[in-house]
Every structure is written in structure tokens, then in C-alpha cells.
Amino acid sequence: MRIELHSHTLLSDGELIPIELARRAVVKGHKALAITDHASLSNLDRLIFEAKKDVELAAEWGLDLIVGVEITHVPARRIDQVVKEARKKGAELIVIHGETVNEPVEKDTNHAAVSNPEVDILAHPGFITLEEAELAKRNDVVLEITSRRSHNPTNGHVARMALEAGARMVVNTDAHDPSDLITEETALMVARAAGLSEKDARMAVYDVPEELVRRVRGR
Ligand SMILES: [Zn+2]
Ligand SMILES: [Zn+2]
């Protein structure tokens, strides 16, 4: 079954409320879904407090609904502070909105993310450097391979840096509407298209997300 660790709801710029997206994920064969709405100091409280209200409801369908955040467009030198705040307020999974080629994300955002062991996933890291990928490996920050069209042109580069550094990867959709959610087969195809071997693709679609869910639930 599929595990999706990067998605958005109406709590930021997604199309559905959390329980609606949860239902769509169940129907599409998911066993776990992380809601990771765009976050900064302004909305951390509200996002986490509100999304958590639907966790028990989603469990009725056997879905493990994880309440995370995607820390987005925060000045790079203040990322550590916002990560700390997010944890304090109960964020279960911390994703950082990386230096995608599609948006003017501040330079050094990737560096700040991979330097902080409290960060779980660096999303769409664009032209991440080998040095940053090595830091990701050292701090166990997982690098994202994305199916999202606006962010995926650099998947091949991200995969190459991750493989060279020995950093781990995960395939996410960054779903903003329910049609963005994908099956296991499509996730494997996205990984293979990024240049991963069959074995590495399975790691990024099964082993790594499984381990991240265990990490979240073990905290
Ligand atoms: Zn993002
Ligand atoms: Zn996102």
C-alpha cells in the first residue's frame, strides 16, 4: 500500500479539507498520509491544532493520518527556530520547502534544512549540491523525488547527488488536489524516471517511507 508524506489541504493552498483528502487517499490505496500544509510562525498553531482533529476520524478507515508541516519561504537563517517551534506545537513530520527551480526560494534554504537533524524531509531541493546531499546523509534528512510537474525537472539531478552521497530518498506527490495522489506503480515509475535502479526505487517508495512513519510514531 502507498504511503504519501507530502500533501496540502484547504488549511493552506490545497483543495480539500483534511478528512476529504484522507478519504481520497484511502480509496486510492494509501495506508498512511501526511498532511504537510505550508507553514511559518504565523499559522503553525492553527494548522496543527485543526488538522489533528481529523486524525481519529481517518483511523476509522485504517488510515494513519500524520500531521506535519511544510516550512515554506522562511528566511534560511531562521529555519532552525521555526523547526523548533513546529515540534513544540506538535508537528509530527517536518518537511522543508526546498530550493525548487520553480520559485524564488531563498538561497541556503537547502543547506539549513539538511544541517538540522530534526528535519525529516527536504522537499523538491532543485539543484542541491553534493556537499548538501552529504549533510543530508549525515543528519538523516531524506531528499524528495517529486511527481509534481512544477518541481520535477530536477529529479534526475537530485537522485544523482543523493546516490553519490548515500543520502536516502522518498517519492512524494506534494498533492494539492486529490487527482495528484498516485498509486504505488506510478510512484515506482517516477523513481525509475529519476534514474533510480529497481532496488533503489523500491527503497524510495517502500522502505524509506515505512521507516519515516515508524520514526514519527516512535517519537
Ligand atoms: Zn513545497
Ligand atoms: Zn508542498
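Above this note sits the structure.
Note that the coordinates shown come from a computational prediction; the quantities given were computed from them, not determined experimentally.

(A) Inspection of the coordination of the zinc ion (ligand 2) at higher detail. For the zinc ion (ligand 2), every protein donor is listed as His6 (NE2), His8 (NE2), Glu70 (OE) and Asp174 (OD), and the spread of their distances is 2.0 to 2.2 Å. Here the zinc ion (ligand 2) is ringed by four donor atoms whose angles at the metal span 84 to 172°, and the overall shape comes out irregular. Coordination of the zinc ion (ligand 2) draws on donor residues from a single chain, spaced H-x1-H-x61-E-x103-D in sequence.

(B) Expanded view of the coordination of the zinc ion (ligand 1). Coordination sphere of the zinc ion (ligand 1), protein contribution only: Glu70 (OE), His97 (ND1) and His124 (NE2), at 2.0 to 2.1 Å. Taken in chain order, the donor set of the zinc ion (ligand 1) reads E-x26-H-x26-H. Metal-to-metal, the separation of the zinc ion (ligand 1) and the zinc ion (ligand 2) is 3.2 Å; Glu70 coordinates the two. Here Glu70 is found in strand β3 (residues 64-71), whereas its partner His124 is found in the loop between β5 (121-123) and α6 (130-139), with 54 residues between them in sequence.

(C) Inspection of the sheet that holds strand β2 (residues 30-39) at higher detail. Pairing within the open sheet is parallel, and its seven strands lie in the order β1-β2-β3-β4-β5-β6-β7. Here the strands that pair on one side only, and so sit at the sheet edges, are β1 (2-4) and β7 (169-172). Ignoring which end each strand starts from, the neighbouring axes of this sheet average 30° apart. Note that β3 and strand β4 (residues 93-97) share four bridges and pair parallel. Opposite Ile71, over in β4, you have Ile96 as the bridge partner. Strands β2 and β3 of the sheet are contacted by helix α1 (residues 18-27), whose axis makes an angle of about 145° with β2. The strands touched by helix α9 (residues 198-218) within the sheet are β1, β2, β3, β4, β5, β6 (142-146) and β7, with β7 carrying the most contacts at an inclination of about 95°.

Reading the values: rules and limits
- All chains use their own residue numbering, which begins from 1 and follows the written sequence.
- Chains carry letters and ligands carry numbers; both start at the beginning, A for chains and 1 for ligands, and go up in the order they are written.
- In keeping with the predicted nature of the model, local features appear solely for residues at pLDDT of at least 70, side-chain atom pairs appear and are counted solely at 80 or more, and the whole-chain, interface and lining totals rest on all residues.
- Computation of side-chain values: all heavy atoms of the structure, hydrogens and water removed.
- Only nitrogen, oxygen and sulfur atoms count as donors, using a 2.8 Å cut-off from the metal that widens to 3.2 Å for Na, K and Ca. Water is left out, so coordination shells may look unfilled.
- Irregular is the label for any site that misses the other tests, which are tetrahedral for four donors with all angles between 85 and 135 degrees, and square planar for four donors or octahedral for six when opposite donors exceed 155 degrees and the remaining angles lie between 65 and 115.
- Labels follow the DSSP assignment, with helices taken as runs of H or I lasting at least four residues and strands as runs of E lasting at least two, numbered in each case from the N terminus.
- DSSP calls a pair of strands paired once it identifies at least 2 bridges connecting them.
- Where helices are involved, their axes are fitted lines through C-alpha atoms of the stretch in contact, as for all axes, and angles between N-to-C directions lie from 0 to 180°.
- Should any heavy atoms of two residues lie within 4.5 Å, those residues are counted as being in contact.

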